[in-house]
Amino acid sequence: STYKPNKVGIIEKISLKNFMCHALLGPFAFGDNVNFVVGNNGSGKSAVLTALIVALGGKAQATNRGSSLKGFVKEGESSADVSIALRNRGEDAFKPEVYGQTITVDVRISSEGLRTYKLKSRNGQIVSTKKEELVAILDHFNIQVDNPVSILTQEMSKHFLHSKSEEDKYKFFMKATQLEQMKEDYKHIMKTRTYTKTAVEGHEEARLLDELKRKYQEKEERYKSLSSIDTMNKKLEDLQHHMAWALVTELENEMKPVKDNIENDEKFTVKFDQKIEEWKAKVEEIELRYKQNQERLDQVSVQVDQLQPQCAQIKSQVQERRNDVKKAEVRLTCLRCFTSHELLDLEKDKEQLTKRIDELKFSQATAADSQKRMEKLRQLQGQLDAKTFTDSTLGQQIDQFQTAVATSKDELDKMRREEQDIQHSVSSKERNLRAMENSRNSHIRRFGENMPALLAAVDDAHHRRQFRRKPLGPLGFCICLKDPELAVAVESCLKSLMLAFCCDNHRDEALLQSLMSRYFKDKRPQIIVSEFTDKRYNVEERAVHHPEFPTVLQVLEIDDPVVSNCLIDMRGIETILLIKGKKEARRVMQSGHPPQNCREAFTKEGDQVYANRYYSSDVQRALYLSGDLEEEIRHLRVALENQQAHMHRYKQHIQEVEADIRNNSALLKTAYDNRKNVKVLPTDHCPFSQIQLFGRRFWNAQLNISTFTSLCVCACVVQEELSKNDQELEKCKHHRKHFEDKRKVHLSKIQELKHSLQQKEKEVKSAIVKATQICPERLEVKRTAKSLDSEISRLKGKISAHQEQQGDRDVIIRYVLLGNSQETACGAQPFCLFFCRYLSVRCKYYFNATLSQRGYKGRMTFDHGREALSISVQPGEKEEAVLNDMRSLSGGERSFSTVCFVLSLWAISDAPFRCLDEFDVFMDMVNRRLSMDMMLKLASSQRYRQFIFLTPQSMSSIPENNLIRILRLNDPDRTQTTLSFGQTQ
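If you're wondering where the values come from, they're calculated on a predicted model, not measured in any experiment. (Residues numbered from 1 in each chain as written. Predicted model: local features only at pLDDT ≥ 70, side-chain atom pairs only at ≥ 80, totals over all residues. Heavy atoms only, no water.)

Asks: Any details on the overall build of the protein? Residues and values, ideally.
Replies: Scanning the protein from N- to C-terminus turns up 22 helices and 23 strands. Partitioning the intrachain contacts of the protein with sequence separation of at least 6 by distance along the chain shows that 73% fall at a separation of at least 24. Summed over its atoms, the accessible surface of the protein is roughly 56800 Å², and 50% of this surface lies on carbon and sulfur atoms. (Helix = DSSP H or I, 4+ residues; strand = E, 2+ residues; numbered from the N terminus. Contact = heavy atoms within 4.5 Å. Areas by Shrake-Rupley, 256 points an atom, 1.4 Å probe, with all protein chains shown as cover.)

Rendered as structure tokens:
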């Protein structure tokens with residue numbers, strides 16, 4: 001069940017140092033309702049109770065533990081210290097603006113018996129050292145340490161149990177109910193009244209009477225002036241009412257902009273949704289175009305695959321036809337050389353021979369002449385055939401030599417181009433080798449021979465405060481690999497970013513560009529401009545999370561958040577997987593369902609893998625991130641030596657080809673010279689017809705090749721379109737992701753605003769509840785809480801100053817009301833007697849009610865005239881049983897009767913806490929259990945009070961309850977001076 005704990009006067013904590021025989025006890029934290037302090041004899045239970053009495057101003061005799069305070073100081077010590085924390089909360093708090101919610105009373109008792117006080121606020125500040133302040137606090141909280149109802153010590157309990165005098169019991173009752181104090185006050189008033197009356201009636205009657213009248217008139221005037229204080233108090237109360245509702249109004253006003261922001265942000269959410277839908281539509285459109293282009297590419301690829309063998313054959317034929325055309329052109333050129341006199345000589349010879357033949361044919365010569373002519377004709381025909389054969393042979397030789405020379409020249413051109421490539425590669429490897437060897441002492445030299453000089457210039461410019469923020473780079477120098485096997489993959493992924501620099505602003509970029517121009521004449525490192533930040537990007541939502549393979553971001557150790565943020569922005573390293581095996585990479589990326597958020601992947605060899613394509617890498621060794629420098633230098637040296645050997649073999653081959661060209665050229669010249677000696681034209685060779693035939697075949701083959709080339713061009717165009725579509729798709733997805741992330745942030749902001757609004761609504765409701773408690777009816781307040789608070793403070797100061805000037809209000813009223821002192825004094829004694837009788841009747845009722853729970857019967861007889869109290873108890877329930885005096889009861893019965901009497905006194909008196917010391921020491925198990933139940937029942941009905949029970953019993957049978965706290969003290973170790981304290985609840 002819920003309850004409202006007491007807010008003032010209860011004990012929150014107590015600690016003891018060098019008190020009695022204990023060097024240190026506590027601190028002990030007490031609960032709000034029931035507290036049991038359990039421990040064997042000597043553990044310090046009574047010391048705690050004694051310290052409570054002494055620290056709160058009680059006399060040493062009241063503790064029954066000594067006659068002087070110095071007896072409480074531990075032997076051999078100069079002083080004893082006791083610290084008690086009293087609760088000070090709520091409306092009845094004592095000077096809450098000074099002490100706060102806790103008042104700490106620190107008491108020091110010297111070995112001479114002197115007692116000093118320190119009253120501290122909650123934050124430990126000393127407020128007062130006067131005992132009068134402590135008395136005022138105890139009076140305000142109604143704490144009476146010498147009242148047995150508040151603190152019943154073991155000795156007081158024994159005295160009551162073994163007391164034979166009815167007068168002592170009556171005194172115990174009067175002291176417990178504060179009637180004794182009231183009686184003493186009444187006697188003091190009557191004595192003062194008699195003394196005053198005698199003085200007035202004496203010889204100074206007139207003077208004293210005038211003085212009293214004057215004082216009375218002054219008090220009466222002050223009493224009349226109290227009306228202005230009442231007016232100010234009323235105004236103060238009204239201001240406090242307005243103040244309460246002003247706070248509510250201000251909180252409600254604070255809620256309005258939050259509500260407006262939520263409404264505006266919710267409207268703006270629609271724009272984000274529109275943007276996301278727009279980019280989603282673009283993504284779908286591009287994906288459709290991508291699918292169409294992919295289908296086109298597949299069709300063209302099929303045609304290309306079909307024409308590929310035919311194309312290769314046709315290319316071979318084209319090459320053959322091209323060689324034939326070249327040969328025919330050479331022969332045609334050679335034949336054209338026989339124009340001028342050579343052709344004329346041949347023509348003349350032909351004419352002569354023809355003429356001679358004709359002459360011989362038509363001659364009517366003799367048979368002998370005819371036979372000679374025929375013989376001559378056969379000789380000439382033989383010569384003609386021999387020259388024709390020789391010319392044909394020489395023509396074939398010339399063709400062979402021309403082909404050999406042309407082929408050798410083509411091969412020589414190709415080899416010289418390859419020689420240049422090999423030379424460039426050798427130079428590059430030599431530079432890399434020099435950089436590797438130099439990086440033995442400086443790792444930065446791996447990134448270029450001029451890189452140390454550039455970094456030194458950057459440092460110098462930074463020291464001269466030319467940069468706003470010092471640039472970072474090269475980026476490859478700012479990262480480290482967790483797995484050296486992935487060095488090639490990471491370098492293939494980052495590429496030119498390994499040498500890139502980061503700048504905070506464009507002004508720093510311009511300065512860095514000017515520094516780079518001094519050391520890099522041709523190709524300069526890339527410069528990335530992005531504002532530096534000390535916070536890393538949160539990429540949990542957009543990063544790849546694969547159970548087997550890491551991302552580039554995960555395999556890198558990057559100390560500077562600027563570097564990691566730059567690589568995330570420029571390359572998206574959180575979305576790129578590193579998969580060592582090629583088959584695994586194809587399986588993961590190209591199985592139709594690539595990992596979420598994954599754009600691409602790289603293999604251990606540096607191959608780049610997309611969802612729909614695969615690019616092989618030509619990088620074989622890592623230049624910047626390799627772990628074993630000497631191994632890299634060794635590999636580079638071997639590669640350089642191999643390439644140099646290859647270069648040497650190439651040069652030898654070039655020399656051999658050049659020698660072949662020279663030999664073939666010489667043979668070709670000899671063939672030309674020999675052919676010039678032949679004076680007859682070939683009759684069976686027509687270079688023009690061969691050139692035409694070869695030309696037609698060449699153009700047919702070229703046409704076929706053009707068809708195949710057009711298909712290849714078409715495939716390239718489709719691939720370019722696919723690449724563009726892929727880039728557009730990535731761009732659109734990036735924009736869509738961007739707006740989705742912004743929408744998430746926007747919605748998160750809305751949720752935060754709504755949460756803030758809910759908190760403010762709770763604060764408003766709480767403020768309304770508090771304001772309703774102060775002023776049930778809501779007030780319309782136009783002033784601010786700050787101005788109201790200022791006026792309240794000013795009015796309180798004015799009232800305080802007025803009260804200091806006029807005196808205490810209650811004193812003035814009592815003084816004025818004593819005008820009829822005679823009547824008041826005469827009526828006081830009957831009133832005290834009535835109050836005694838009223839409390840005694842209530843005490844009888846509660847005493848009998850508690851006894852009946854055990855089946856006992858009892859009677860209490862008060863004789864106020866004789867000031868005596870007799871108590872009779874009968875344990876049995878028989879009718880004929882006779883009530884006996886408590887002295888005839890057993891120890892357990894007498895203890896139980898005492899508990900019943902104490903409980904009846906508790907019921908008719910008021911105090912913030914009650915303490916009982918070893919109340920059950922003489923009880924048997926039945927009486928102890930019943931007494932315990934009765935006290936717990938009473939404590940449960942009075943949850944606004946604090947109960948502290950000291951007992952040597954274990955209290956293991958106490959039911960578990962969040963209102964009951966058991967403090968167990970360990971048995972004392974006779975060999976040590978400090979007691980350890982264990983607490984369970």
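Asks: I'd like a description of the sheet that holds strand 6 (residues 115-120), backed by residues and values.
Replies: In space, the six strands of this open sheet follow the order 2-1-4-5-6-7, with antiparallel pairing throughout. Across the chains shown, the open sheet's two edge strands, defined by having one partner strand only, are strand 2 (22-29) and strand 7 (126-128). This sheet shows a mean twist of 25° between the axes of neighbouring strands, independent of strand direction. Together, strand 1 (8-19), strand 2, strand 4 (79-88), strand 5 (102-110) and strand 6 form the strand contacts of helix 1 (residues 45-55), whose direction differs from that of strand 1 by roughly 110°. Taken strand by strand, helix 3 (residues 131-141) contacts strand 1, strand 4, strand 5, strand 6 and strand 7, and its axis lies near 60° from that of strand 6. (Pairing = 2+ DSSP bridges. Axes fitted to C-alpha atoms, helices over the stretch in contact; angles between N-to-C directions.)

Asks: Outline the packing of aromatic side chains, listing residues and values.
Replies: What the rule picks out here adds up to eleven aromatic pairs. For the ring pair Phe847 and Phe901, a centre distance of 6.4 Å and an interplane angle of 80° mean the geometry is edge-to-face. Note that Phe847 is positioned in helix 20 (residues 821-852) and Phe901 in helix 21 (residues 891-908), a separation of 54 residues in sequence. Comparing Phe847 with Phe901 shows no difference in burial state: the two are buried. Members of the aromatic cluster, connected to one another through ring pairs, are Phe36, Trp906, Phe947 and Phe949. Residue placement shows Lys282 over the ring face of Trp279; its charged tip is 4.2 Å from the ring centre. (Phe/Tyr/Trp six-rings, centres within 6.5 Å; stacked < 30°, edge-to-face > 60°. Buried < 20%, exposed > 50% of the residue type's maximum accessible area, 1.4 Å probe, protein only. Lys NZ or Arg CZ within 6 Å of the ring centre and 35° of its normal.)

Asks: Account for the environment of Glu285, naming residues and giving values.
Replies: Here Glu285 shows up in helix 7 (residues 205-336). The sequence separation of Glu285 and Leu729 amounts to 444 residues, and the corresponding C-alpha distance is 9.2 Å.

Asks: Outline the pattern of salt bridges, supporting the account with residue identities and numerical values.
Replies: The full count for this structure, using the stated rule, is 26 salt bridges. Measuring nitrogen to oxygen at the nearest pair gives 3.0 Å for the salt bridge that ties Lys120 to Asp106. Separated by 14 residues along the polypeptide, Lys120 in strand 6 and Asp106 in strand 5 bring together distant segments of the chain. We classify Lys120 as partly exposed; its relative accessible area is 22%. Between Asp460 and Arg464 there is a salt bridge, with its nearest N and O atoms 2.6 Å apart. Residue Asp460 is classed as partly exposed on the basis of its relative accessible area, which comes to 37%. Given the relative accessible area of 47%, Arg464 is considered partly exposed. Salt bridges sharing common partners tie together Glu12, Asp32, Arg87 and Arg89. (Salt bridge = Lys/Arg side-chain N within 4 Å of Asp/Glu carboxyl O.)

Asks: Which residues make up the side chain of Ser79, and what are the values?
Replies: By secondary structure assignment, the location of Ser79 is in strand 4. Relative accessible area serves as the criterion here: at 13%, Ser79 is assigned to the buried category. For Ser79, the contacting residues outside a window of four places in its chain are Asn18, Val73, Arg108, Ile109 and Ser110.

Asks: Now, about the nonpolar core: what can you tell me, with residues and values included?
Replies: Within the largest apolar cluster, 51 residues are counted, with the highest numbers of intra-cluster contacts made by Ile479, Leu494, Leu556 and Leu567. Not counting the four nearest positions on each side in its chain, Leu556 is found in contact with Ile479, Cys480, Leu481, Lys482, Val490 and Leu567. The next biggest cluster of nonpolar side chains, apart from the first, holds 47 residues, and it includes Leu52, Val54, Ala80 and Ile103. (Core = buried A, V, L, I, M, F, W, Y, C linked by side-chain atoms within 4.5 Å.)

Asks: Residue-level account of the state of the cysteines, with values.
Replies: What the rule picks out here adds up to zero disulfides. Cys502 provides the cysteine sulfur closest to Cys503, a residue in no disulfide bond, and the two sulfurs are 7.7 Å apart. Under the relative-accessibility criterion, Cys503 is labelled buried at 0%. (Disulfide = S-S within 2.5 Å.)

Asks: Account for the side chain of Thr575, naming residues and giving values.
Replies: Within the secondary structure layout, Thr575 lies in the loop between helix 14 (561-571) and strand 13 (576-578). The exposure class of Thr575 is buried, given its relative accessible area of 7%. When near neighbours in sequence (up to four residues on either side) are disregarded, Thr575 contacts Arg542, Val544, Asn597, Cys598, Arg599 and Glu600.

Asks: So, unusual backbone geometry: which residues are in play, and what are the values?
Replies: Here Gly26 and Pro27 are connected by a cis peptide whose omega angle stands at 5°. Counting through the fold element by element, Pro27 comes out in strand 2. One non-glycine residue with positive phi stands out, namely Asn142, at about 60°. By the element assignment, Asn142 lies in the loop between helix 3 and strand 8 (151-152). You will see that Lys495, though not glycine, has its phi angle at about 50°, which is positive. Here Lys495 lies in the loop between helix 11 (487-494) and strand 10 (501-503).

Asks: How would you summarise helix 15 (residues 582-589) if you had to cite specific residues and measurements?
Replies: Taken together, the buried positions of helix 15 are Ala585, Val588 and Met589. Viewed end-on, helix 15 has its buried residues packed into an arc of 85°, placing them on one side of the element. Of the surrounding secondary structure, the elements contacted by the buried residues of helix 15 are strand 13, strand 14 (600-602) and strand 15 (608-609). (Arc of directions from axis to C-beta.)

Asks: Talk me through the sheet that holds strand 14; I want residue IDs and the actual numbers.
Replies: The strands that make up a sheet pair up through hydrogen bonds in the backbone, lying either parallel or antiparallel. Taken in spatial order, the four strands make up an open sheet running 13-14-15-16, and their pairing is mixed. With partners counted over all chains shown, the strands left at the sheet margins are strand 13 and strand 16 (614-615), one partner each. Across two bridges, the pairing between strand 14 and strand 15 is antiparallel. When the bridges of strand 15 are listed, Ala601 appears paired with Val609.

Asks: Kindly report on the packing of helix 10 (residues 451-463) against helix 12 (residues 506-519), identifying the contributing residues and their values.
Replies: Taken N-terminus to C-terminus, the directions of helix 10 and helix 12 make an angle of 145°; their axes are 10 Å apart at the nearest point. Considering only the axes of helix 10 and helix 12, their crossing is right-handed. On helix 12, the residues that touch Ala453, Leu454, Ala457, Val458 and Ala461 of helix 10 are Leu512, Leu515, Met516 and Tyr519. For the contact of helix 10 with helix 12, the residue count by class is nine nonpolar, no polar and no charged. (Left-handed = near helix turned anticlockwise from the far one by under 90°. Nonpolar A, V, L, I, M, F, W, Y, C, P; charged D, E, K, R; others polar.)

Asks: Go over helix 11 with me, naming the residues and quoting the values.
Replies: With eight of eight residues buried, helix 11 lies mostly within the body of the structure. What helix 11 keeps buried is the set Ala487, Val488, Ala489, Val490, Glu491, Ser492, Cys493 and Leu494. Phi for Lys495, located one or two positions after helix 11, is positive at around 50°.

Asks: Got a sec to walk through the pairing of strand 6? Specific residues and values, please.
Replies: Relative to strand 6, strand 5 is paired through six bridges, and the arrangement is antiparallel. Across the sheet, the residue bridging to Arg108 is Thr116, located in strand 6. Linking two consecutive strands that pair antiparallel, namely strand 5 and strand 6, is a turn of four residues; a positive phi of about 95° is found at Gly113 within it. Here strand 6 runs beside strand 7; their pairing, made up of two bridges, is antiparallel. When the bridges of strand 7 are listed, Leu119 appears paired with Ser128. The antiparallel pairing of strand 6 with strand 7 creates a hairpin that spans five residues between the two strands, and Gly124 there sits at a positive phi of about 90°.

Asks: Residue-level account of the confidence of the model for the protein, with values.
Replies: Parts of the model with low pLDDT should not have their predicted coordinates read in detail. Per-residue confidence for the protein averages 77 on the pLDDT scale, and 76% of its residues sit at or above 70. Confidence drops under a pLDDT of 50 for residues 679-688, and excluding neighbours within four residues, the segment shows 20 contacts in the predicted structure. Here residues 976-985 is modelled with pLDDT under 50, and outside its nearest four sequence neighbours on either side it reaches 32 contacts, counting other chains as well. (pLDDT = per-residue confidence, 0-100.)

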